[in-house]
Amino acid sequence: FWLKFWLKPIASALGSGSFDCPAQARTRRAATMMSMEAVKAKAKEQIEAQLGEQAPRPLKMLFPCCGGPVKTMETCMCAVPAAQQDQVKKAIEKYKST
């Protein structure tokens with residue numbers, strides 16, 4: 001009891017309401033990193049779905065052979081209509097950067 005009474009003014013002076021042990025701080029950082037990874041994975045899934053919808057019909061059957069929509073579209077860019085090539089290139093760059 002007396003320890004809490006003594007530490008409370010110190011904690012408020014430091015700007016936090018409680019002291020965190022290093023294990024709690026590591027756990028919080030790990031949770032944040034995991035949530036960031038989840039956001040990146042979701043963004044990649046959305047880009048894959050977008051490219052899967054934009055792909056010309058003959059390329060769709062090559063998805064399993066080439067490693068999915070992104071790699072297929074990148075490998076077979078010549079089969080993508082000229083009007084869509086810029087959009088596809090931007091999507092592939094965004095996929096690789098995430």
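Keep in mind that this is a model prediction, so the values were computed, not measured.

Right, let's talk about the packing of aromatic side chains for a bit. With the rule as written, the count across this model stands at 0 aromatic pairs. Cation over ring: lysine 44 sits above tyrosine 95, and NZ or CZ is 5.1 Å from the ring centre.

For the structure on display, the rule yields 0 disulfides. Here cysteine 78 stays free of any disulfide, with the sulfur of cysteine 76 as its closest cysteine sulfur at 6.3 Å. Look at cysteine 78 and you get exposed, because its relative accessible area is 76%.

Now for the nonpolar core. In this structure, Leu51, Met73, Val80, Val88 and Ile92 are the most contacted members of the largest nonpolar core, which totals 14 residues. Breaking this core down by element, the ones donating at least two residues are α2 (22–54), α5 (69–75) and α6 (82–97). Take this core: its biggest share by element is 4 residues, from α6. Setting aside residues up to four positions removed in sequence, methionine 73 forms contacts with Leu51, Gln54, Ala55, Pro56, Leu59, Val80, Val88 and Ile92.

Turning to the pattern of salt bridges, a few remarks are in order. According to the stated counting rule, one finds 1 salt bridge in the structure shown. Notably, a salt bridge pairs glutamate 74 with lysine 96, separated by 2.4 Å at the nearest N-O pair. Remark: lysine 96 occurs in helix α6 and glutamate 74 occurs in helix α5; sequence separation between them is 22 residues. In this structure glutamate 74 comes out as partly exposed when scored by relative accessible area, which is 35%.

A separate point is the confidence of the model for the chain. Across the chain, the average pLDDT comes to 82, with 76% of residues at or above 70. Ranking the elements of the chain by mean pLDDT puts helix α1 (residues 2–14) last with 59 and α5 first with 94.

Turning next to the environment of proline 81. Within the fold, proline 81 resides in the loop between α5 and α6. On the basis of relative accessibility, which here comes to 39%, the residue proline 81 falls in the partly exposed class. Linking proline 81 and alanine 55, residues 26 residues apart in sequence, is a C-alpha distance of 9.3 Å.

Parameters at a glance
- Residues numbered from 1 in each chain as written.
- Predicted model: local features only at pLDDT ≥ 70, side-chain atom pairs only at ≥ 80, totals over all residues.
- Heavy atoms only, no water.
- Phe/Tyr/Trp six-rings, centres within 6.5 Å; stacked < 30°, edge-to-face > 60°.
- Lys NZ or Arg CZ within 6 Å of the ring centre and 35° of its normal.
- Disulfide = S-S within 2.5 Å.
- Buried < 20%, exposed > 50% of the residue type's maximum accessible area, 1.4 Å probe, protein only.
- Core = buried A, V, L, I, M, F, W, Y, C linked by side-chain atoms within 4.5 Å.
- Helix = DSSP H or I, 4+ residues; strand = E, 2+ residues; numbered from the N terminus.
- Contact = heavy atoms within 4.5 Å.
- Salt bridge = Lys/Arg side-chain N within 4 Å of Asp/Glu carboxyl O.
- pLDDT = per-residue confidence, 0-100.

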